[in-house]
Structures are given as structure tokens and as C-alpha cells.
Amino acid sequence: MLVETNFDGLVGPSHHFGGLGVGNLASQANKAQSSNPREAALQGLDKMAGLAALGLHQGVLPPQARPDLDFLRRVGFSGTDAKVLAQALRDAPGLLSAAGSAASMWSANAATVSASPDTWDSRVHITPANLVSQTHRSLETATTAAALKATFRSERYFAHHPALPASSQLADEGAANHTRFSVDDHTCGVNLFVYGADLKADGAGRFPARQTRLASEAVARQHRLRSDRTLFAAQHPEAISAGVFHNDVIAVGHRNMLLYHEMAFAQEATVVDSLAHALGEPLRTVRITQAEVSLDAAIQSYLFNSQIVTLPDGRTQLIVAKDCEENPAVWARINAMIEDDGPIDAVTVFDVRQSMRNGGGPACLRLRVPLNDDERAAVNPDSWFTPELHKALKAWVDAHYRDRLQLADLADPAFVTEVREALDRLTVVLGLGSIYPFQQTA
Ligand code: SUG
């Protein structure tokens, strides 16, 4: 029996507001404000604990080693670590911020994952995202690939592909633009890939699109998904211009359900009809109009960046950011969808404000990995979120994280040591082995 498991990215100790997210309004608006990495990590852990307490399979993915000194040397800074950091702070603060970004917390962008009933060899296929559209995120791929291999170790069950070549034509942002639909828990699912840019079409909007159709097609081909069960759909260009930089900011699907804004897709009717046709039964949709929730309210609250989960008793729960509760129009629409006889039965609210201020909601923080019983048993056991792991990770965060961070702190050589000590300890807690470059050369 296939169940959806969620692997959340643990927020790293260098979490700060760099203003780095292209087309991401929250990231731009909060640039240079002081962040609280400890609170950010604890908020993330609370969400994981909340989902695990609902009876769901919850896993955790480790953060990256930051600041990335190797990157700073590759862009021309030289000398001791202290000198490299000081020069970067003085001459190129944006590059220091990129080198220190904790953006890997948004594990929806870590990779695209295909479920074993959908692939030719009945293994789970994983392609880490190349994230080439933004410098700070492009630095994640190598460690993400190592972390995914250490988490999903067994070659019998998991096929790890290299990331797509690092070219803008093949820009890939992973599962944030991919949704698997299904009618049951064992047959081949339907995979929807949503892209922002089709290189054949004109794409001159306010913000550049981050996912290309060519990249989505390459991942689908690499995973050898069935063509009659794979759909490619264009995002609505107006949504991208309004600040919808990933499809998961405007639509979320789960099983045979789709919660979406009327501005999500360039060709809404075609997407809904093609999904139903490929599924072989009607899709259960919740369509939200501009009049009900404006694009701006959707982006500010991240309503569509909710998770839809099936509880062990079969009920369907919406997992939303606290910001939804605080927006009257959004909260009214959520309550209306629970009260009507649509697919959503209940809602749970989580405060993930530190992540939200960088444009990352509940669904950005998780990578969905549909697994059957054997595959679940083959996952690194220490990656599963248990009450014991929660306790250990809380103690680890309390011991190693600062409660205030600004750009200049990233240039402090003591901070580099602090992060490395924390991550050395973490790889032991999570049983991951040496996944960080600094562990290989030490
Ligand atoms: O890529 N923010 C991330 C947010 C990613 C959200 N993920 C999904 N929608 N799946 C991004 O824009 C901001 C970092 C900063 O400004 O410091 C950032 O990278």
C-alpha cells in the first residue's frame, strides 16, 4: 500500500533574510531584517511534530553547511576563511548572503520524486533540482543529492539520478512544480508538471519564470513516466508577474483532489479535463476565484501552499500557515470549504512565520515521497520523525542556534565553526554519515 510521506527540511543555523528570492515578494520585502534562526528551526520542528501526531509518516532532511566558503573562493575571494568572509561582506554582500542562505529548508525544491507504481522498474526515482535560476539556491544541489542518497539508501528501492545540466534552458525547481494524482494506493498515478517558461513561447513578464517546460519533460523522461499519464501545463503568466514564483504558491493537489486558484493555469479547463481523463474518474476540485481570494491575498497568506493530507481514518485535512487565519477572506473561504461537502474535512494551523517571511509556507517546507511498506522500511531509520527525535532535535537547536542573525554575522569566522560543530553532531543524530564537504576534508 502506497502512502504519502513528507520529508521536511530542517531550518539551518544561518537562516536570514537576504532578499534573494527572484519574483518572491516576501523575500524582497523582508530583506536585511534581523532573523531568528532558533525560532525558525523550532517552528519547523513543531510542524513536523504536528503532522507526526496526526498519524502521518514524517521524515526530516538536514540543512546545508553554510556559509559556503568554497563558493566564495570560486567567485574570486582568497586567503584565510576570515579574509574571504570579510572581503565578501565588504565587496559583495549579496554573494555572502547567497553563500550563507538556509534556503534548503524549502525541501519542495530539493528534488522531483516519482512513486514506484509510476516508473518502468518499479523503483522510486529521484532527481535533485538544479535550481539554476538563483545563485543561492544553485549551491544546494550537491549536498541535497548526498543527503537524499543517505536518506533513501537502498539501490533496490531507490534510483538516484543526477540533477539536470546546469543551464537556464533546463532550469528545474523540483517538486514545487510537480504533483502526483491517484485514484487508489497501488496503481499508476497521474503526474502533472507545471512550468513557467516554454522556450517556444514569449515569456517577457515582470519576473522571470523559474521552471522550464524542457526541464519538466527531461525529468519525466529520466524517470520514464508513462506518457499517457503525464501532463505538462503552463502557469498563468499573470500569476508569475503577481509573485507566484512556483506552482505550489497557487495550487495544491493530493490523490484525486485539486485545490487551485482560477489564475493558476494558462489553460484551466484543459488542465482539469486532462487530469480527469488520465485519472479515469472526475477530479474533486476546489476552485477559488479572484472575487473570493485575490491573487495578492493568496500570495500573502499562502493559502495554496497548504498541505492536503489523508489521515489514518480516511479524513482529509488541510495544513495551513497561521497567516491564512489572519486574513479574513482567506479564513472565511477555508471554513466554507470545510463546511460544504467538498473534499476537505478539517484544517490545522501552524505558525511558520520565519519561513513565511522568506516566501516559504507549509508545503514549501516538505518534499513528498510516496512509499509502500517495503520502501518505507528501507529508509534510513533515524530520518523518521519520532517524539524522541523531536526531543533530540529541540535540544540540538537550543544548544547550537542563535536567536538573532544579520548579514554581518555570516562573516564571523566563529560562526563557521559554530555551524560545523552543529552539523557534525546532527549527522550523528540523523545517522547520515559524512554528507558535508567539510566533513570529507577534515
Ligand atoms: O526560492 N526563498 C525561497 C522560497 C522557496 C519556496 N518554495 C516553494 N514555493 N516551494 C525561494 O524564493 C529567500 C531567501 C532569502 O531571501 O534570504 C528564498 O530563497
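It should be emphasised that the depicted structure is a prediction, and the values quoted were computed from it without experimental measurement.

Glancing now at the sheet that holds strand β10 (residues 257-261). Taken together, three strands build an open sheet; the order of strands is β9-β10-β11 and the sheet is mixed. Looking at which strands have only one partner, the edges of the open sheet turn out to be β9 (251-254) and β11 (284-288). With direction set aside, neighbouring strand axes in the sheet form an average angle of 5 degrees. By the bridge criterion, four bridges tie β9 to β10 in an arrangement that is antiparallel. Bridge pairing in β10 links A251 to Y260.

Another point: the nonpolar core. Ranked by size, the top nonpolar core spans 80 residues in total, and within it L72, L192, F265, L275, L393 and W396 carry the most contacts. When residues of this core are assigned to their parent elements, the largest contribution, seven residues, is made by helix α18 (residues 413-429). The residues touching L192, leaving out its near neighbours within four places in the chain, are N177, H178, T179, F181, L231, A233, F265, V271 and L275.

A word on the pattern of salt bridges. Considering all chains together, one arrives at 23 salt bridges under this definition. The residue R287 makes a salt bridge to E262 at a minimum N-O spacing of 3.5 Å. Linking R287 in strand β11 with E262 in the loop between β10 and α10 (268-279), this pair joins segments that are 25 residues apart in sequence. Residue R287 is classed as partly exposed on the basis of its relative accessible area, which comes to 35%. Because the salt bridges share partners, they merge into one network encompassing D323, E326, D351 and R353.

Direction vectors running N to C along helix α16 (residues 387-400) and α18 enclose 170 degrees, while the axes themselves pass 10 Å from each other. It follows from the interaxial angle that α16 and α18 lie roughly antiparallel. Of the residues in α18, those touching α16 at L389, A392, L393, W396 and H400 are E418, E421, A422, L423, R425, L426 and V429. A class-by-class count of the residues in the contact of α16 with α18 yields eight nonpolar, one polar and three charged.

Time to look at the packing of aromatic side chains. Tallying each qualifying case throughout the model produces seven aromatic pairs. One aromatic cluster in this structure is built from F7, F152, F158 and W384. It is R224 that lies over the ring of W120; its NZ or CZ is 4.1 Å from the centre.

As a structural note, the neighbourhood of the ligand is formed by 24 residues, with G18, L20, S27, H136 and D248 the closest of them. A distance of 2.8 Å separates an oxygen atom of the ligand from a polar atom in the backbone of G18. The separation between an oxygen atom of the ligand and a polar main-chain atom of L20 is 2.8 Å. Protein contacts shield 100% of the accessible area of the ligand, which totals 490 Å² for the unbound molecule.

What follows deals with the environment of M105. Structurally, M105 is set in the loop between α5 (93-99) and β3 (111-114). Residue M105 is classed as buried on the basis of its relative accessible area, which comes to 0%. Along the backbone, M105 and C364 are 259 residues apart, and their C-alpha atoms lie at a distance of 8.2 Å. Apart from the residues within four sequence positions on either side, M105 is in contact with G9, L10, V11, H15, S355, C364 and L365.

Across the interface, helix α2 (residues 37-53) lies against α16 with an axial gap of 10 Å and an inter-helix angle of 175 degrees. Classed by the angle they form, the pair α2 and α16 counts as roughly antiparallel. Taking contact as the criterion, the partners of R38, A41, L42, L45, D46 and A49 in α2 are, on α16, H390, L393, K394, V397 and D398. Taken together, the residues that form the contact of α2 with α16 break down as six nonpolar, one polar and four charged.

Rules of the game
Residues numbered from 1 in each chain as written. Predicted model: local features only at pLDDT ≥ 70, side-chain atom pairs only at ≥ 80, totals over all residues. Heavy atoms only, no water. Pairing = 2+ DSSP bridges. Helix = DSSP H or I, 4+ residues; strand = E, 2+ residues; numbered from the N terminus. Axes fitted to C-alpha atoms, helices over the stretch in contact; angles between N-to-C directions. Core = buried A, V, L, I, M, F, W, Y, C linked by side-chain atoms within 4.5 Å. Buried < 20%, exposed > 50% of the residue type's maximum accessible area, 1.4 Å probe, protein only. Contact = heavy atoms within 4.5 Å. Salt bridge = Lys/Arg side-chain N within 4 Å of Asp/Glu carboxyl O. Parallel < 35°, antiparallel > 145°, perpendicular 65-115°, else oblique. Nonpolar A, V, L, I, M, F, W, Y, C, P; charged D, E, K, R; others polar. Phe/Tyr/Trp six-rings, centres within 6.5 Å; stacked < 30°, edge-to-face > 60°. Lys NZ or Arg CZ within 6 Å of the ring centre and 35° of its normal. Near = heavy atom within 4 Å. Polar contact = N/O pair within 3.5 Å; in protein donor to acceptor, adjacent residues only side chain to side chain. Areas by Shrake-Rupley, 256 points an atom, 1.4 Å probe, with all protein chains shown as cover.

The values are spatial; any link to function lies outside them.
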